[in-house]
Amino acid sequence: MVNTTQKHRTLSPEINNWIEQRTSSFIKNNEHVGNIVPTLKLIEANAFMFLTGKRYDPKAKNFIISIPETKTKIFNPGLMLGKLSYAYHIIQDIVAKQGHILFVGTNVDTIKDLIQERAVATNSFYVNKRWLGGTLTNFKTVSKSIKKLNDFTRLQTSEAWSKYNKKEQLEISKKIEKLNKFIGGIKNVGSAGSRISVRNSIDALVVTDYKREHNAIAEAKQLNIPIISLCNSNTSAADARIAIPCNTNSTQTVWLLTNVLFDAVASAQGKDTVIINKSAAEIVLPKQVIKTDVKIINHKKNTRTF
């Protein structure tokens, strides 16, 4: 599947106004939610648009709402904000109690880079290249690679490093680079190398696309690790403790909401946040990356594509 940067359609002013009124009313009646993310940025990111046609899962109907005046269907703004706020506070509570979150996002480069950058900044676990089968459920095997990575890394900074010739140093450096690419973000998980130690090391799994990261979700489910997931209308996200409905085919939406979840970690650590407490003008979204074969609702005809 080819990804390409495109100009994406925006909603009509009438629909935008309806969304703003709906979210304002929801926040007013649910003070615990707070203004967790500017509604204008959600609209700009096309967060409320969803997949239709063959990729639509009928079980996802609970995520959708119809605007009475136009009969246009979008993701329910109140549900989106409510779930996002719930996830934010759950993560904040976990981190405040010295718990750890594993973030998984292996989609476009913009999201991969975001996952790594913010996970490193907040001391969170992460996987952003490819989910290796058995990463959690067969951690005893994975831990052998982690030990090799840690041994090589220590070697590089030790006095013994100078005893290797340039060719040997280059070979070891390449091995470190390759290992870091796939397991660098989980090298501090489960020092004992067992399923029990993994379960005790990870308090929640956060994924940027429920459908795409189904392997990670399946393994977390086996270990009873709570799952927080962004999800489109192509799934009911039945195994997620918290399913946040949104347009996961929009890079801007995923970037925006994933940053909110990282902000929960950062705020619990007393660090600077990226989205929380920022105005719409202060938040600059990345370039939109849209999958060329994705069909999303057309808000003029209430049917097809972008």
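Our subject is the structure that appears above.
Quick caveat, the model's predicted, so the values are computed rather than measured.

Engineer: So what exactly am I meant to see when it comes to unusual backbone geometry here?
Structural biologist: The bulk of non-glycine residues show a negative phi, and the bulk of peptide bonds are trans. Residues other than glycine seldom take positive phi values, yet N224 does so here, at roughly 60°. With respect to the secondary-structure elements, N224 resides in the loop between helix 8 (214-222) and strand 7 (227-231). Even without being a glycine, A237 presents a positive backbone phi close to 50°. Of the residues examined, A237 reaches a relative accessible area of 4% and is grouped as buried.

Engineer: Any chance you could explain the pattern of salt bridges here in plain terms?
Structural biologist: Following the criterion strictly, the structure yields 7 salt bridges and no others. Of the charged contacts, one joins K221 and D239 as a salt bridge, the two residues approaching to 3.2 Å between their closest N and O atoms. Here the residue K221 occupies a position in helix 8, and D239 occupies one in the loop between strand 7 and strand 8 (242-245), the gap between them amounting to 18 residues. A relative accessible area of 47% places K221 in the partly exposed class. If you follow the salt bridges from partner to partner, you end up with K147, D151 and R154 in one network.

Engineer: Help me understand the pairing of strand 6 (residues 204-207) in this model?
Structural biologist: Residues A204 and V206 of strand 6 are buried on one face, and the alternating residues L205 and V207, pointing to the opposite face, are buried as well. Bridge count between strand 4 (residues 101-104) and strand 6: 4 bridges; the pairing is parallel. Each bridged residue has a counterpart across the sheet, and for L102 the counterpart in strand 6 is L205. For strand 6 and strand 7, the ladder comprises 3 bridges, and the chain directions are parallel.

Engineer: What's the story with the sheet that holds strand 7 in this structure? I'm lost.
Structural biologist: What the 5 strands build is an open sheet, ordered 5-4-6-7-8; its pairing is parallel. Of all the strands in the sheet, the pair left with one neighbour each is strand 5 (125-127) and strand 8. For this sheet, the mean inter-axis angle between neighbouring strands, taken without regard to orientation, is 15°. Helix 8 rests against strand 4, strand 6 and strand 7 of the sheet, and its axis sits at about 165° to strand 6.

Parameters at a glance
Residues numbered from 1 in each chain as written. Predicted model: local features only at pLDDT ≥ 70, side-chain atom pairs only at ≥ 80, totals over all residues. Heavy atoms only, no water. Helix = DSSP H or I, 4+ residues; strand = E, 2+ residues; numbered from the N terminus. Buried < 20%, exposed > 50% of the residue type's maximum accessible area, 1.4 Å probe, protein only. Salt bridge = Lys/Arg side-chain N within 4 Å of Asp/Glu carboxyl O. Pairing = 2+ DSSP bridges. Axes fitted to C-alpha atoms, helices over the stretch in contact; angles between N-to-C directions. Contact = heavy atoms within 4.5 Å.

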